[in-house]
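# Summary of structural features
The chain contents come next:
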Amino acid sequence: VGFFGSGVGLSLVLGFGVAYACYYLNSIAKKPQLVASNDRFCRFLEEYCPVVTETYYPTIWCWEGRVQTLLRPFITSRPQVQYRNELIKTADGGQISLDWFDNNDSSYYPDASTRPTVLLLPGLTGTSRESYILHMIHQSETLGYRCVVFNNRGIAGEELLTPRTYCAANTEDLEAVIHHVHSLHPSAPFMAAGVSMGGMLLLNYLGKTGRDTPLMAAAIFSAGWNVFESVESLEKPLNWLLFNYYLTTCLQSSISRHRQMLEKLFDMDLVMKARTVREFDKQFTSVMFGYRSIDDYYEDASPCRKLKSVGIPVLCLNSVDDVFSPAHAIPVETAKQNANVALVLTSCGGHIGFLEGIWPRKCTYMDRVFKQFVQAVFEHGNKIFSM
């Protein structure tokens, strides 16, 4: 009689399955922590964005943060999106590439002049072709909204006209884009969503402008709150092997195409020898934007230092197992001091992961938070704007 045929093997498998299910339900699947000092904001989220108060069930076979981070780009689908590209000029002679999804077939908002608009900011080396951006656009399409993706300089295939790229601390390009989009559709409700470094840039902009912005509200996903803590976490051996080295090569690849323009100001051979994000920022990013040291740049780039000044409603989603933004660096106490800020902290999800379901191809927890919050702002926002 075989091992399983004897019943012993089957009993062991069933026993392990039951034990794993109990562990998953008791230790993995949890309600997120909602941090907000404003009771009115909390009630608004509970009523119109209930996903932030519901139990998050990570994919049962890949709930660990690093695994979720690594698998999401390969597992999730890539919805088909037809963009209209626009290149806008900047004050310093550069250009920025915007990818528009106009949603002209919107039955909910057939008048383009008043169609709600969502500005999307991808991550560090991301563009409008990232799967998480495509999913946000797909969610917005079903609601009848228009989207425009802000591609950082030199990333989306356009040429650099000046020897300047981008960083998390400098908000000049973002300010130009927000002003441009708002000037095209001044009567349309307008908000923004940023992912990873895009979220950091958006937070730094909001901390700088306070209430003086045409944006109604913002959604932030997997932002690195304290850059010092982020790079230290990414330099741990396993994290360096899985993420840091690859991310550094992506950064180098993004500027190598513009080498002829950039080598006027930089020792590109030295920049291309960097093996960590910190080394890249030390030799390239901090120098480009005129910081005296990399520490000065990292201090200026850390959104946690500007959170108190945010003047519009902002919802921020982070996972506490995100190696790009360690749990101890999430500014929970600072968020409690600003009535405009709400943090949603999940126990699992990794960095832009948030996979859920047995085979998580179509929709993640992050997608659901995005959809519900954007809809809540555009359709019921008057209930929080008087906060």
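As the structure is a prediction and not an experimental result, all values here were calculated from the model.

Reading the values: the criteria
- Residues numbered from 1 in each chain as written.
- Predicted model: local features only at pLDDT ≥ 70, side-chain atom pairs only at ≥ 80, totals over all residues.
- Heavy atoms only, no water.
- Helix = DSSP H or I, 4+ residues; strand = E, 2+ residues; numbered from the N terminus.
- Buried < 20%, exposed > 50% of the residue type's maximum accessible area, 1.4 Å probe, protein only.
- Polar contact = N/O pair within 3.5 Å; in protein donor to acceptor, adjacent residues only side chain to side chain.
- Contact = heavy atoms within 4.5 Å.
- Pairing = 2+ DSSP bridges.
- Axes fitted to C-alpha atoms, helices over the stretch in contact; angles between N-to-C directions.
- UniProt positions renumbered as here; feature names shortened; annotations may be inferred.
- Core = buried A, V, L, I, M, F, W, Y, C linked by side-chain atoms within 4.5 Å.
- Domains from an automatic or database assignment.

## Looking at the side chain of Gln 68
For Gln 68, the position within the fold is in helix α3 (residues 65–75). The class for Gln 68 is buried, based on a relative accessible area of 0%. Within the structure, the side chain of Gln 68 is placed 2.9 Å from the backbone nitrogen of Phe 354, a separation counted as a polar contact. Discounting residues that sit within four places of it in the chain, Gln 68 has contacts with Tyr 56, Pro 58, Thr 59, Cys 62, Trp 63, Gly 349, Gly 353, Phe 354 and Leu 355.

## Comments concerning the sheet that holds strand β1 (residues 33–36)
Read across the open sheet, the 9 strands follow the order β1-β9-β8-β7-β6-β4-β5-β3-β2; overall the sheet is mixed. Since the sheet does not close on itself, it has two edges, and those belong to β1 and β2 (84–89), each with one partner. Within the sheet, the average angular offset between the axes of one strand and its neighbour, ignoring direction, is 20°. Where helix α14 (residues 365–380) meets the sheet, it contacts β4 (117–121), β6 (190–195), β7 (218–221), β8 (314–319) and β9 (341–346), and its direction lies at approximately 165° from that of β6.

## Overview of unusual backbone geometry
Backbone geometry follows two general trends: most residues other than glycine have a negative phi, and most peptide bonds adopt the trans configuration. One non-glycine residue, Asn 103, adopts positive backbone phi at about 55°. Relative to the helices and strands, Asn 103 resides in the loop between β3 (95–101) and β4. Judged by its relative accessible area of 8%, Asn 103 is buried. For Ile 352, which is not glycine, the phi torsion reads 55° and is therefore positive. Note on placement: Ile 352 falls in the loop between β9 and α14. Judged by its relative accessible area of 7%, Ile 352 falls in the buried class.

## Looking at the UniProt feature "domain: AB hydrolase-1" (unreviewed entry) in the protein chain
UniProt records the feature "domain: AB hydrolase-1" (unreviewed entry) at residues 116–357, using the numbering of this structure. Annotated as 41% helix and 14% strand, the span residues 116–357 places its first and last C-alpha atoms 30 Å apart.

## Topic: the nonpolar core
Counting residues in each nonpolar core, the largest one holds 69 residues, and the members touching the most others are Leu 119, Leu 202 and Leu 343. Counting residues per element, this core draws most heavily on helix α6 (residues 197–209), at 7 residues. Mapping this core onto the domain boundaries places at least three of its residues in each of domain 1 (29–226 + 303–385) and domain 2 (227–301). Ignoring sequence-local partners within four residues, the contact set of Leu 119 consists of Val 148, Phe 150, Leu 174, Val 177, Ile 178, Phe 190, Met 191, Ala 192 and Ala 193.

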